[in-house]
Amino acid sequence: IDSDQNFTNPYVYNDEQVNHPIKELVKMALSIKKTCIVVADGAKARIFNWNPIEKHIQELMYLQEEDARKPERDLRADRPGSGQGFNSKIQYTVDEHLSYKKQASQLFLEKIAKLLCEKDNLADFDILDIIAPDEVYKSILKHMSVSGRNKINNHYPKNLTNMPVLDLQKHYAKLLST
């Protein structure tokens, strides 16, 4: 190739050398970050992918902890040392001041944090948004890795676990625009 000719290498993606419409698509694809949305409470969690171009949510996982939803009396009934029927007022063993429902909830939130750490290690997301009450958010945050915490972009202190996906999609788009 003569040095007099204007030759540009199509494989070099510098702004000065490539003037092609595909360059803009490549730049846009590289600038789009994968967003993961976690909607959780103490007993239920839903994990979504967010597509910012189409403003579309795709549900990836639905997790639920049955013990965290049960009434406290149902969780205590099978404990050794608890009396039944007429004798139920008698304590046979030392009664701990622990809520079994809270214990189940804490274990569940720890599982969610570990799952998010695994997704972070696999580079499944660049941005993490968490929609959860403050207590749930703090519990998840406590068990996450440092790199996972650094990817948290927003925290919305709401419980939207029971919201249908289409309504959640509209609500999330509205939250991002404010």
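What counts, and at which threshold
Residues numbered from 1 in each chain as written. Predicted model: local features only at pLDDT ≥ 70, side-chain atom pairs only at ≥ 80, totals over all residues. Heavy atoms only, no water. Helix = DSSP H or I, 4+ residues; strand = E, 2+ residues; numbered from the N terminus. Buried < 20%, exposed > 50% of the residue type's maximum accessible area, 1.4 Å probe, protein only. Contact = heavy atoms within 4.5 Å. Areas by Shrake-Rupley, 256 points an atom, 1.4 Å probe, with all protein chains shown as cover. Expected span 1.5 Å × (residues − 1). Arc of directions from axis to C-beta. Phe/Tyr/Trp six-rings, centres within 6.5 Å; stacked < 30°, edge-to-face > 60°. Lys NZ or Arg CZ within 6 Å of the ring centre and 35° of its normal.

1. Points about the overall build of the protein
Broken down by element type, the protein carries seven helices and five strands. Split into buried and exposed, the 178 residues of the protein put 31% on the buried side. In the protein, once contacts between residues fewer than 6 apart in sequence are set aside, the share between residues at least 24 apart is 60%. Working note: accessible area of the protein is about 12,000 Å², and carbon and sulfur atoms make up 53% of it.

2. What to know about helix 7 (residues 165-177)
Spanning 13 residues, helix 7 covers 18 Å between terminal C-alpha atoms, matching the ideal 18 Å at 1.5 Å per step. If you check which residues of helix 7 are buried, you get Leu168, Gln169, Tyr172 and Leu175. Each buried residue of helix 7 sits inside an arc of 130 degrees when the element is viewed along its axis, so together they form one side. In this structure, helix 7 carries Leu166, Lys170, Lys174 and Ser177 as exposed residues pointing more than 90 degrees from its buried face. Residues of helix 7 that are buried in the fold lie against strand 1 (35-40), strand 2 (44-51), strand 3 (56-64), strand 4 (127-131) and strand 5 (152-156).

3. Some words on the packing of aromatic side chains
What characterises a pair of aromatic rings is the spacing of the ring centres plus the angle enclosed by the ring planes. Within the structure shown, the criterion is met by one aromatic pair. Where Trp50 meets Tyr172, the ring centres are 4.8 Å apart and the plane angle is 75 degrees; that geometry is what we call edge-to-face. Highlighted residues: Trp50 in strand 2 and Tyr172 in helix 7, separated in sequence by 122 residues. Among the residues examined, Tyr172 registers a relative accessible area of 1% and is labelled buried. Over the aromatic face of Phe125 sits the side chain of Lys151, whose NZ or CZ is 5.5 Å from the ring centroid.

4. Some details on unusual backbone geometry
You will see that Lys55, though not glycine, has its phi angle at about 55 degrees, which is positive. Considering the arrangement of structural elements, one finds Lys55 in the loop between strand 2 and strand 3. You will see that Ala123, though not glycine, has its phi angle at about 60 degrees, which is positive. Looking at the element boundaries, Ala123 is found in the loop between helix 4 (100-121) and strand 4.

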